[in-house]
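# Chain and residue survey
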Amino acid sequence: MLGEMLELGDEAAKAHWDVGQMAGEYGIDLVIAVGSGMAKQLALGAADAGAEVAIVRDNETATAVLDKLLGPGDIVLIKGSRGGMRWQIAQALTGQDITDILS
């Protein structure tokens, strides 16, 4: 699960593509990119390196996709900017209360 990284400035597109590329090179089976414009760059980089990819708009959709796909023994890495609140995905998948930045 890769979310947009919001603080990268002019290098954002390349940095997102590079992170997606590395995920594919490390053998990640599926990269779910969460967000809008830069999520596409994450997905393109991952696909270029051979990973399966999906792009979703928000944390709720990402959680729903993962909930359907995860099986025993699966490992999930969730990475993104604090502003994207990707921890909410982990909270939802583990049955915790969903918190926001101020909680």
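Structure shown above.
The structure contained in this document is the topic of the report that follows. By convention here, each chain's residues receive numbers from 1 onward along its written sequence. Two thresholds apply to this predicted model, a pLDDT of at least 70 for residue-level local features and 80 or more for giving and counting side-chain atom pairs, whereas whole-chain, interface and lining totals are computed over all residues. Calculation of side-chain values draws on the structure's entire complement of heavy atoms; hydrogens and water are dropped beforehand.

### Some remarks on the overall build of the protein
Using the following cut-off: Secondary structure elements are defined from DSSP: runs of H or I of at least 4 residues count as helices, runs of E of at least 2 residues count as strands, and each element is numbered from the N terminus. Every radius of gyration here is taken over C-alpha atoms, with the globule rule written as 2.2 Å times N^0.38, N being the number of residues. For each residue, the accessible area found with a 1.4 Å probe, counting protein chains only, is set against the maximum for its type, and the residue is called buried under 20%, exposed over 50%, and partly exposed in between. Note on areas: Shrake-Rupley, 1.4 Å probe, and residue coverage restricted to the protein chains presented here. Working convention for charge: Lys and Arg count positive, Asp and Glu count negative, and His plus the chain ends are omitted. Lysine's charge is taken at NZ, arginine's at CZ, aspartate's at CG and glutamate's at CD.
Helix and strand content of the protein: four helices and three strands. Secondary structure elements of the protein occur, N-terminal to C-terminal, as β-α-β-α-β-α-α. Since a compact globule built from 103 residues should have a radius of gyration of about 13 Å, the 13 Å found for the protein is in line with a globular shape. Counting only C-alpha atoms, the protein reaches 35 × 35 × 20 Å along its principal axes. In the protein, which comprises 103 residues, the proportion classed as buried is 32%. In the structure as shown, the protein presents an accessible area of about 6,300 Å², 55% of it carried by carbon and sulfur atoms. Of the side chains in the protein, 7 bear a positive and 15 a negative charge, and the two mean positions are spaced by 4 Å.

### Description of the packing of helix α1 (residues 12–25) against helix α2 (residues 37–48)
Operational definition: Axis definition: a line fit to C-alpha positions, over the contact stretch in the case of helices; interaxial angles, taken between N-to-C directions, run 0 to 180 degrees. In this scheme, a crossing is called left-handed if the near helix is turned counterclockwise away from the far one by less than a right angle; it is called right-handed if the turn is clockwise. What makes two residues a contact is simply this: any of their non-hydrogen atoms within 4.5 Å. Just so you know the grouping, Ala, Val, Leu, Ile, Met, Phe, Trp, Tyr, Cys and Pro go in nonpolar, Asp, Glu, Lys and Arg go in charged, and all remaining residues, Gly too, go in polar.
Viewed as axis vectors pointing N to C, α1 and α2 meet at an angle of 35°, and their least axial separation amounts to 6 Å. The two elements α1 and α2 cross, and the hand of that crossing is right-handed. When α1 is examined against α2, the residues Ala-12, Ala-13, His-16, Trp-17, Val-19, Gly-20, Gln-21 and Gly-24 are found in contact with a partner set consisting of Met-38, Gln-41, Leu-42, Leu-44, Gly-45, Ala-46 and Asp-48. A breakdown of the residues in the contact of α1 with α2 according to their chemical character gives eight nonpolar, six polar and one charged.

### Topic: the pairing of strand β3 (residues 52–56)
Operational definition: Here a strand pair is declared whenever DSSP counts at least two bridges between the two strands. Note on handedness: a crossover is taken as right-handed if, strands pointing away from the viewer, the path from the first strand over the helix to the second is clockwise.
Pairing analysis gives five bridges linking strand β2 (residues 30–34) to β3, with the strands arranged parallel. Residue pairing for β3: Val-31 is matched across the bridge by Val-53. Assessed by its sense of winding, the connection that carries the chain from β2 through α2 to β3 is right-handed.

### Observations concerning the sheet that holds strand β1 (residues 2–3)
The three strands are arranged β1-β2-β3 in an open sheet whose pairing can be described as parallel. Each edge of the sheet is formed by a strand with only one pairing partner; in this case those strands are β1 and β3. Relative to the sheet, α2 contacts β1, β2 and β3, its axis offset from that of β3 by approximately 175°. Packing of helix α3 (residues 59–69) onto the sheet brings it into contact with β2 and β3, and relative to β2 it is tilted by some 160°.

### Quick look at the pattern of salt bridges
Defined as follows: For this document, the term salt bridge refers to a Lys or Arg side-chain nitrogen within 4 Å of an Asp or Glu carboxyl oxygen.
Overall, the coordinates contain one salt bridge when judged by the stated rule. The partner of Asp-18 in a salt bridge is Lys-14, with the nearest N and O atoms 2.8 Å apart. Residue Asp-18 and its partner Lys-14 are located together in helix α1, separated by four residues, close to a single helical turn.

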